[in-house]
Amino acid sequence: QVQLLESGGGLVQAGGSLRLSCAASLQTSTRTFNHFTLAWFRQAPGKEREFVAADMWTGRLKYADSVKGRFTISRDSAENTVYLQMDSLKPEDSAAYYCAAGTTTSSGASDMNVWGKGTLVTVSS
């Protein structure tokens, strides 16, 4: 069974921080947690889902330009959890944040095989 469960969303003032967590159950007959690309996407009301950050299974990290220098993605293999540390938050960061996992080294939404249900982040001005 493969599934992702996000937590950590909430209401924060602009300039504040939040850390999102995504608990992963990703073990299959051929892959384990460390052999998945893990990513975060977000979707604001009325907007398309957009890429935020990815931790490729090769070890490469990738960030959207809009969050570079403010957000940090990391994974804890012992806990099978991927995190998104969000600092210097802005009102435009408000969105539902989704954790996703894929088996390639691509970070597009269409490359993800498993999605969580999302956690809501609201940044007040």
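Above this text sits the structure in question.
This structure is a prediction, so every number in the text was calculated from the model and none was measured.

A. Structural detail: the packing of aromatic side chains. One pass over the structure, following the stated rule, counts two aromatic pairs. Measuring from ring centre to ring centre gives 5.8 Å for Phe41 and Phe51, while their planes differ by 75°; the resulting arrangement is edge-to-face. Placement of Phe41 in strand β4 (residues 37-43) and of Phe51 in strand β5 (residues 50-55) is noted, with a sequence separation of ten residues between them. Residue Phe41 shares its accessibility class with Phe51, and that shared class is buried. Consider the rings of Phe41 and Trp115, whose centres lie 5.0 Å apart with planes at 50°: the pair is tilted. One end of the pair, Phe41, is in strand β4; the other, Trp115, is in strand β10 (residues 112-115), with 74 residues separating them in the sequence. Note on Phe41: relative accessible area 2%, which makes it buried. Judged by relative accessible area, which is 28%, Trp115 ranks as partly exposed. Note that Arg49 overlies the ring of Trp115, its terminal NZ or CZ placed 4.6 Å from the centroid. Lys62 extends its terminal NZ or CZ atom over the ring of Phe51, reaching a point 5.5 Å from the ring centre.

Conventions adopted
- Residues numbered from 1 in each chain as written.
- Predicted model: local features only at pLDDT ≥ 70, side-chain atom pairs only at ≥ 80, totals over all residues.
- Heavy atoms only, no water.
- Phe/Tyr/Trp six-rings, centres within 6.5 Å; stacked < 30°, edge-to-face > 60°.
- Helix = DSSP H or I, 4+ residues; strand = E, 2+ residues; numbered from the N terminus.
- Buried < 20%, exposed > 50% of the residue type's maximum accessible area, 1.4 Å probe, protein only.
- Lys NZ or Arg CZ within 6 Å of the ring centre and 35° of its normal.

By themselves, these figures tell us nothing about what the structure is for.
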